[in-house]
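Chains, contacts and geometry: an overview
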Amino acid sequence: MALAITLSSSNAFAGKTLDAIRQRGQLQCGVSTGVAGFSAADAKGRWSGLDVDVCRAMASAVLNDPEKVVFSPLNAQQRFAALQSGQVDILSRNTSWTLTRDASLGMSFAAITYFDGQGFLVPKKIKVTSAKQLKNAQVCVQSGTTSEKNLSDFSRANKLAIKPVVFDSFEAAFKALFAGRCQAYTADASGLASVRNKEAPNPNDYVILPELISKEPLGPAVRRGDDEWLAIVKWTVFALQEAEELGLTQANIDAQKTSQDPTIQRFIGTGEDMGKLLGLDKQWAYRAVKAVGNYGEIFERNVGAQSPVKLPRGLNRLWNQGGLIYAPPIR
Ligand SMILES: N[C@@H](CCC(=O)N[C@@H](CS)C(=O)NCC(=O)O)C(=O)O
């Protein structure tokens, strides 16, 4: 009996989602319809961004090829049904982890890939310097988002009588600000930076107000009911974050093959097997980093200070550098 339990606990059961992905030879990844830096397709239809790289890392870990991903663009309203129906294996789309979503939408959040908060983008010419000055203002917002709910809470709590102007599409919402239909546009601060720096006719005509009115922990989610797949998504994100902490980069990870450090050996697959219990091989974490770099590299390339989106690392620094990014140990 004891032997049977030992055997079954060390024998990985791959799980139905992983089986389906392997059969298909492709990962189906739900992303936004186009938020520069997070998930956006270029003129040739090639997707890039932080949320996109999470899926490429997954495909590299699981299918040995970061290109074996089909991206489904989903607006805020569509995203949860796409996950529930099986249209996507993973939702990697600036989605905030909340109690309601976690407990009632048939989904499980795997990890946090970007700690965000909600803010306001306003035209400089209206000379508003604080969100508290938005009394009676029309504020553009996208439907099906936490942004819509937080806006109404913020207005009520501060007696501002804000008039929400609601749009189903992202593009329609921010274009309405540029067209002067609203005095402000509200969304996750990361999305505001993306809109200001990539979409505004002249970024210098717009300013992001200093207040953040909510916590928006953004991260990938999977369908509820497949714990094996949840574990793979969770640990792939942790591996990207752990790689940064260990100093493993896309460029130097190959040179670690001779490392005698057991932590590095476990990570890259030259030591104790850390893949088997996830239903994967020994090199899954190595391949994730090799494909897209560690978390810090992913952040800087897509949304960091040198990227067009120009976001500061802020809360998304590693825990030992003053941030909140903290991956449990791979052992
Ligand atoms: N994090 C919030 C907001 C997410 C969201 O959908 N934000 C908008 C504005 S930045 C967006 O990404 N739209 C892109 C789209 O619909 O494709 C949530 O999970 O509800």
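Quantities reported herein were computed from a predicted structural model and do not represent experimental measurements.

Right, let's talk about the overall build of the chain for a bit. Regarding its fold elements, the chain presents twelve helices and 14 strands. Its C-alpha radius of gyration of 21 Å places the chain within 12% of the 20 Å reference for a compact globule of 331 residues. By its C-alpha atoms, the chain is 70 × 40 × 40 Å across when sized along the principal axes. Buried positions account for 53% of the 331 residues belonging to the chain. In the chain, once contacts between residues fewer than 6 apart in sequence are set aside, the share between residues at least 24 apart is 70%. About 14,900 Å² of surface is accessible on the chain, with carbon and sulfur atoms providing 53% of the total. Within the chain, the 31 negative side-chain charges are centred at a point lying 6 Å from the centre of the 38 positive side-chain charges.

Around the ligand lies a shell of 21 residues, among which Thr 33, Ser 96, Arg 101, Gln 142 and Asp 188 are the nearest. Measuring from an oxygen atom of the ligand, one finds a side-chain N or O atom of Arg 101 at 2.8 Å. The separation between a nitrogen atom of the ligand and a polar side-chain atom of Asp 188 is 2.7 Å. Out of a free accessible area of 500 Å², the ligand has 100% covered by protein chains. Listing elements by their share of the shell around the ligand, those giving two or more residues are α6 (146-157) and β11 (184-188). Looking at side-chain class alone, the shell around the ligand contains six nonpolar, eleven polar and four charged residues. Here the shell around the ligand spans two domains, and each of domain 1 (13-115 + 218-321) and domain 2 (118-214) adds at least three residues to it.

Let us now look at the state of the cysteines. Counting across every chain of the model gives two disulfides. There is a disulfide in this structure between Cys 29 and Cys 55, and the S-S distance comes to 2.0 Å. Residues Cys 29 and Cys 55 are joined through a disulfide that is right-handed, its torsion about the S-S bond being 75°. Of this pair, Cys 29 sits in strand β1 (residues 27-31) while Cys 55 sits in helix α3 (residues 50-63), and the two are 26 residues apart along the sequence. Covalent S-S linkage joins Cys 140 and Cys 182, the inter-sulfur distance amounting to 1.7 Å. Looking along the S-S bond of the Cys 140-Cys 182 disulfide, the torsion reads about 65°, which is the right-handed sense. Separated by 42 residues along the polypeptide, Cys 140 in strand β9 (residues 138-142) and Cys 182 in the loop between α7 (170-178) and β11 bring together distant segments of the chain. Owing to a relative accessible area of 3%, Cys 182 belongs among the buried residues under this scheme. Numbered by position along the chain, the disulfide-linked cysteines of the chain connect as 1-2, 3-4.

Another aspect to go through is helix α9 (residues 227-246). Think of an α-helix as turning once every 3.6 residues; residues three or four places apart then point the same way. Over its 20 residues, α9 runs 27 Å from end to end, which matches the ideal 28 Å to within 8%, given 1.5 Å per residue. For α9, a buried count of 14 out of 20 residues is recorded, marking the element as mostly surrounded by other parts of the structure. Phi for Gly 247, located one or two positions after α9, is positive at around 75°.

Attention now goes to the pattern of salt bridges. Applying the stated rule across the entire model yields eleven salt bridges. Put simply, Arg 24 and Asp 89 hold a salt bridge, and the shortest N to O gap is 2.8 Å. Taken together, the residues span a long stretch of sequence, with Arg 24 in helix α2 (residues 16-24) and Asp 89 in the loop between α4 (79-84) and β5 (90-91) at a distance of 65 residues. Under the relative-accessibility criterion, Arg 24 is labelled partly exposed at 33%. Residue classification places Asp 89 among the buried positions, given a relative accessible area of 2%. Salt bridges sharing partners connect three or more residues here, namely Arg 46, Arg 56 and Glu 67.

Moving on: the confidence of the model for the chain. Across the chain, pLDDT averages 96, with 96% of residues at or above 70. Ranking the elements of the chain by mean pLDDT puts helix α1 (residues 2-10) last, at 47, and helix α12 (residues 295-303) first, at 99. The model gives residues 1-11 a pLDDT under 50, and that stretch makes three contacts with residues more than four places away or in other chains.

Reading the values: rules and limits
- Along each chain, residues carry numbers from 1 onward, in the same order as the chain's sequence is written.
- Predicted model: local features are reported for residues with pLDDT of at least 70 only, side-chain atom pairs are reported and counted for 80 or more only, and whole-chain, interface and lining totals are derived from all residues.
- Hydrogen atoms and water are omitted, and side-chain values are computed over all heavy atoms in the structure.
- For helices the rule is a DSSP run of H or I covering at least 4 residues; for strands it is a run of E covering at least 2, with both sets numbered from the N terminus onward.
- A radius of gyration in this sense is built from C-alpha atoms; the matching globule rule multiplies 2.2 Å by the number of residues raised to 0.38.
- Here's how the labels work: a residue is buried when its accessible area is under 20% of the maximum for its type, exposed when over 50%, partly exposed in between, all with a 1.4 Å probe on protein chains only.
- Should any heavy atoms of two residues lie within 4.5 Å, those residues are considered in contact.
- Each accessible area is a Shrake-Rupley estimate made with a 1.4 Å probe; only the visible protein chains count as cover when residues are assessed.
- Charge assignment in this entry is limited to Lys and Arg as positive and Asp and Glu as negative, and neither His nor the chain termini are counted.
- In plain terms, the charge of a residue is placed at NZ if it is Lys, CZ if Arg, CG if Asp and CD if Glu.
- Neighbouring residues are identified by heavy atoms, a residue being near a molecule or strand if any of them is within 4 Å of it.
- Polar contacts here mean pairs of N or O atoms no more than 3.5 Å apart (in protein, one a potential hydrogen donor and the other a potential acceptor; neighbouring residues in sequence count only if both atoms are side-chain atoms).
- The classification used treats Ala, Val, Leu, Ile, Met, Phe, Trp, Tyr, Cys and Pro as nonpolar, Asp, Glu, Lys and Arg as charged, and all other residues, Gly among them, as polar.
- Note that the domain bounds reflect an automated or database-derived domain assignment.
- We call a pair of cysteine sulfur atoms a disulfide whenever their separation is within 2.5 Å.
- What a helix should span is 1.5 Å times the count of its residues minus one.
- We define a salt bridge as a side-chain nitrogen of Lys or Arg found within 4 Å of a carboxyl oxygen belonging to Asp or Glu.
- Predictor confidence is given residue by residue as pLDDT, running from a minimum of 0 to a maximum of 100.

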